[in-house]
Amino acid sequence: MSDSSPVRFGILGCANIARKASRAIALAPNAVISAVGSRSFEKATAFAKENGYPSTTKIYGSYEAVLDDPEVDAVYVPLPTSLHVKWAALAAQKKKHVLLEKPVALNVKELDVILEECESNGVQFMDATMWMHHPRTAKMKEFLSDSQRFGHLKSVHSTVAYFGDTEFLKNNIRVKADLDALGALGDVGWYCIRAILWITDYELPKTVTALRDPKLNEVGVILSCGASLSWKDGRIATFYCSLLTNIAMDIVASGSKGNLRVHDFVIPFQENVAPFYTVENSRFGELSTVIHPAPTEQQVGTDLPQEALMVKKFSNLVGSIKGKDYKPDKKWPTISRKTQLVVDAVKASIEKGFEPVEVIY
């Protein structure tokens, strides 16, 4: 393919999140769905029909067949986390670029297997943390990087949660120890941790300490938990993630001169516009009955939803590799690995009785 040709995607599996990704690929101007595979040919056929796949899409009754298709350039992998190391690594071995759902692995050891295969085979790796690609993210970063408006970062708090009903808590893969053993920590804690690292320019914390009394199900999968992170210079961060709480997707970042708040950072309340709130040089009014100034709402519009922008970015990288002989962009595997390291540290802290765990890259 030339760098101007659309990237041809293969979809491994028919998970619910793959419906969202399929729409994103259809909306992206430089991507097309070329193939879909499931363990059942009938299931793959039904999935393709339900999601309006192009008539040219190849339907396969196995994941291997998608990876063996020479007309597939890249794969989107939405399989349970326990299957990532096998199928993402094999995809890289087959010279397929890898767009991998989060959490990317059960631990950094598994992720390193995937990343080593991607690097040795010259393919692009990216995790599917969609909010990273919304134009709001870049606008928020402008404020956080402004020493006159925000100042020096002091603290961050993030909460990401949603409420799983009885059926969910019994049967969803996110609560199954053999499928997604990280539970809430991997599913929604990943977003909290990525937000914190994004705000700190991906500088890893010195230590991570899990908060006491996480909620576990009967097989030991995390349903809710929290942690505190600390840096050598005194910066701190906390997060809470849960499958037992009403939907929350918040970041609060506090600087020496300003604050930033966002209440829908993972999935915007509206698809075409997303707000965030900033305030600078706050002060008490007379008799401390008010605070000046009031926060300012910033609205950031987008022509494409964030998941389509993610596919567009990934496809641009793939096109440059295949059409211009560029090297894969190392930014994306690096930030995935850093996120996974903090996930691992939270889990280790829980298992060690909530002791601080040092994070080493």
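First, a word on what this report is: a plain description of the structure on this page. The numbers attached to residues start from 1 for each chain and follow its sequence in the written order. Given that the model is predicted, a residue must reach a pLDDT of at least 70 before its local features are reported, and side-chain atom pairs must reach 80 or more before they are shown or counted; all residues, however, enter totals for whole chains, interfaces and linings. Only heavy atoms go into the side-chain values, all of them from the structure, while hydrogens and water stay out.

## Remarks on the overall build of the protein
Step number 1: Helices and strands together make up the secondary structure of the protein, namely eleven helices and 18 strands.
Step number 2: Taking 21 Å as the expected radius of gyration for a compact globule of 361 residues, we find that the protein reaches 21 Å, a close match to that expectation.
Step number 3: Each principal axis of the C-alpha atoms in the protein carries an extent, and together these give about 70 × 45 × 40 Å.
Step number 4: Counting over 361 residues, the protein shows a buried share of 53%.
Step number 5: Contacts between residues were defined by any pair of non-hydrogen atoms, one from each residue, lying within 4.5 Å. Looking at the protein alone, contacts between residues at least 24 apart form 70% of all its contacts between residues at least 6 apart.
Step number 6: A 1.4 Å probe and the Shrake-Rupley method give the accessible areas. Residues count as covered only by the protein chains that appear here. Looking at the protein as shown, the accessible area adds up to about 16,400 Å², and 52% of this sits on carbon and sulfur atoms.
Step number 7: When charges are counted, neither His nor the chain ends are considered; positive counts come from Lys and Arg and negative counts from Asp and Glu. All charge positions are set by atom: Lys at NZ, Arg at CZ, Asp at CG, Glu at CD. Between the mean site of the 42 positive side-chain charges and the mean site of the 41 negative ones, the protein shows a separation of 2 Å. Runs of E in the DSSP output that reach at least two residues are strands. Runs of H or I that reach at least four are helices, and both are numbered from the N terminus. It is over C-alpha atoms that the radius of gyration is taken, and the globule rule equals 2.2 Å times the number of residues to the power 0.38. We call a residue buried when its accessible area falls under 20% of the maximum for its residue type, exposed when it is over 50%, and partly exposed in between, using a 1.4 Å probe and counting protein chains only.

## What to know about the sheet that holds strand β3 (residues 58–60)
Step number 1: At least two DSSP bridges between two strands are required for those strands to pair. The sheet built from six strands is open, its strands ordered β3-β2-β1-β4-β5-β6 with parallel pairing. Every interior strand has two partners, whereas the edge strands, β3 and β6 (125–127), have only one. Strand-to-strand twist in this sheet, taken as the mean axis angle between neighbours without regard to direction, amounts to 25 degrees.
Step number 2: Sheet analysis places strand β5 (residues 97–100) next to β6, joined by three bridges and oriented parallel. Bridge assignment links Leu99 to a residue of β6, and that residue is Met126.
Step number 3: Here, axes are lines fitted to C-alpha atoms. For helices the fit covers the stretch in contact, and angles between N-to-C directions go from 0 to 180 degrees. Helix-sheet contacts for helix α1 (residues 16–27) involve β1 (7–12), β2 (31–37) and β4 (74–77), and the interaxial angle to β2 is about 145 degrees.
Step number 4: Packing against the sheet, helix α10 (residues 306–324) makes contact with β1, β2, β4, β5 and β6, and its axis sits at approximately 165 degrees to β5.

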